[in-house]
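Here is what each chain is made of, one letter per residue.
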Amino acid sequence: MNQFTSSILVLLVVLSFHGVTADVVNDVCRKASGSNPSVTYGFCSKSFEANPKSRSSNIYGIGEISMELALRKAASVTSLINTILNGGGKVSPDVRGALVSCQNNYKTVVRSVQGAISAYKGRDLAGANQQIYNAMDAGQSCKDEFQAGMVSPTEKDVQDFVLLTYISYTIIGMNA
């Protein structure tokens, strides 16, 4: 094979993969936003744009990235809760009690997301699915701790975490 033919072949291979990741992210975000009205297409696609690896990943890689994003958000929520509870914010006794429950929930959340990532990397999709569902449920439980009239100082961050886990859950299902 001469150099010209080799160059054309390499160019065709590169062009055939160009845009594949954008299509994967679009498919994931379309599916996640279509099946859960809380997940907006914009939130989903913006989440992946934040990670440069998503530009060159296939559906399986996008799944791992989504769980890493969820794990980072869980760590961020945990840190925020700890800061508030350790005097970083003035809160009522009711809000403090809810935050203590959330703090306990997020210990489970972090372990569950770590377990989901481990299972996913080991191609145990059923295990990953169960672990990410557990994380999503525990994150949602934190939201539920705040009764009517109570304002959660972590509401946006917790909501973002729940959405990220839902996106991960959707991707695991797409890989099954």
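In this text the structure is predicted, and so the values were computed from the model without any measurement.

Mind showing me how you'd approach the pattern of salt bridges here?
A side chain with one charge can pair with a side chain of the opposite charge if their charged atoms come near. Using the criterion set out here, one finds 5 salt bridges in the structure. The closest approach of N and O atoms between Lys 121 and Glu 64, which form a salt bridge, is 3.7 Å. Linking Lys 121 in helix H5 (residues 93–121) with Glu 64 in helix H4 (residues 59–88), this pair joins segments that are 57 residues apart in sequence. The exposure class of Glu 64 is partly exposed, given its relative accessible area of 23%. A salt bridge links Asp 157 to Lys 73; the shortest N-O distance between them is 3.3 Å. A residue pair is termed long-range when its members are at least 10 positions apart, and Asp 157 in helix H7 (residues 155–175) and Lys 73 in helix H4 qualify at 84 residues.

Looking at this structure, I do not really get the nonpolar core. What am I missing?
One broad trend across soluble globular proteins is that nonpolar side chains are buried collectively. Ranked by size, the top nonpolar core spans 49 residues in total, and within it Val 28, Phe 48, Tyr 106, Val 113, Tyr 120, Phe 161 and Ile 167 carry the most contacts. Broken down by secondary-structure element, the contributors of at least two residues to this core are helix H2 (20–35), helix H3 (41–49), H4, H5, helix H6 (125–144) and H7.

Which parts of the structure should I look at to understand the packing of H5 against H6?
Axis angle and axis distance: for two packed helices, these are the angle between their axes and the distance between the axes, and together they describe the pair. Packing of H5 against H6 leaves a shortest axis separation of 8 Å and a crossing angle of 160°. Viewed along their axes, H5 and H6 adopt a mutual orientation that is roughly antiparallel. Along this stretch, H5 crosses H6, giving a crossing that reads as left-handed. Packed against H5, whose contacting residues are Cys 102, Asn 105, Tyr 106, Thr 108, Val 109, Arg 111, Ser 112, Val 113, Gly 115, Ala 116, Ala 119 and Tyr 120, the element H6 presents Leu 125, Gly 127, Ala 128, Gln 131, Ile 132, Asn 134, Ala 135, Ala 138, Gly 139, Ser 141 and Cys 142 at the interface.

Hey, could you run me through the side chain of Ser 54 in this one?
Mapped onto the fold, Ser 54 is located in the loop between H3 and H4. Within the structure, Ser 54 has its side chain in polar contact with the backbone oxygen of Phe 48 (distance 2.6 Å).

Teacher, can you tell me more about the layout of surface pockets here?
If a probe as big as a water molecule is rolled over the atoms, it shows which places are left empty. A volume near 180 Å³ is recorded for the second largest pocket. Lining the second largest pocket, in full, are Phe 43, Lys 46, Ser 47, Ala 50, Leu 69, Arg 72, Lys 73, Asp 160 and Leu 164. Put simply, the parts of the chain that give the lining of the second largest pocket at least two residues each are H3, H4 and H7. Of the residues that constitute the lining of the second largest pocket, the class distribution is 4 nonpolar, 1 polar and 4 charged.

I'm lost on unusual backbone geometry in this one. Help?
Excluding glycine, residues mostly carry a negative phi; peptide bonds, for their part, are mostly trans. A positive phi angle, close to 65°, is found at Arg 123, a residue other than glycine. By secondary structure assignment, the location of Arg 123 is in the loop between H5 and H6.

Would you mind showing me how to read the packing of aromatic side chains here?
Centre distance and the angle of the planes are the two values used to describe a pair of aromatic rings. The full count for this structure, using the stated rule, is 4 aromatic pairs. Ring plane angle 10° and centroid distance 4.2 Å describe the contact between Tyr 60 and Tyr 120, whose orientation is recorded as stacked. Of the two residues, Tyr 60 is situated in helix H4 and Tyr 120 in helix H5; the sequence distance between them amounts to 60 residues. Note on Tyr 120: relative accessible area 0%, which makes it buried. On the basis of an interplanar angle of 65° and a centroid distance of 5.5 Å, the ring pair of Tyr 106 and Phe 161 is categorised as edge-to-face. A residue pair is termed long-range when its members are at least 10 positions apart, and Tyr 106 in helix H5 and Phe 161 in helix H7 qualify at 55 residues. Accessibility assignment for this pair places Tyr 106 and Phe 161 in one class, buried. Counting every residue linked through ring pairs, the aromatic cluster contains Tyr 133, Tyr 166 and Tyr 169.

What counts, and at which threshold
Residues numbered from 1 in each chain as written. Predicted model: local features only at pLDDT ≥ 70, side-chain atom pairs only at ≥ 80, totals over all residues. Heavy atoms only, no water. Salt bridge = Lys/Arg side-chain N within 4 Å of Asp/Glu carboxyl O. Helix = DSSP H or I, 4+ residues; strand = E, 2+ residues; numbered from the N terminus. Buried < 20%, exposed > 50% of the residue type's maximum accessible area, 1.4 Å probe, protein only. Core = buried A, V, L, I, M, F, W, Y, C linked by side-chain atoms within 4.5 Å. Axes fitted to C-alpha atoms, helices over the stretch in contact; angles between N-to-C directions. Parallel < 35°, antiparallel > 145°, perpendicular 65-115°, else oblique. Left-handed = near helix turned anticlockwise from the far one by under 90°. Contact = heavy atoms within 4.5 Å. Polar contact = N/O pair within 3.5 Å; in protein donor to acceptor, adjacent residues only side chain to side chain. 1 Å grid on protein atoms, 1.4 Å probe; cavity = no way out; pocket = protein on both sides within 12 Å on 5 of 7 lines; lining within 4 Å. Points joined across faces, edges and corners; volume = space filled by probe spheres on them. Nonpolar A, V, L, I, M, F, W, Y, C, P; charged D, E, K, R; others polar. Phe/Tyr/Trp six-rings, centres within 6.5 Å; stacked < 30°, edge-to-face > 60°.

What is shown is where atoms sit, not what they do.
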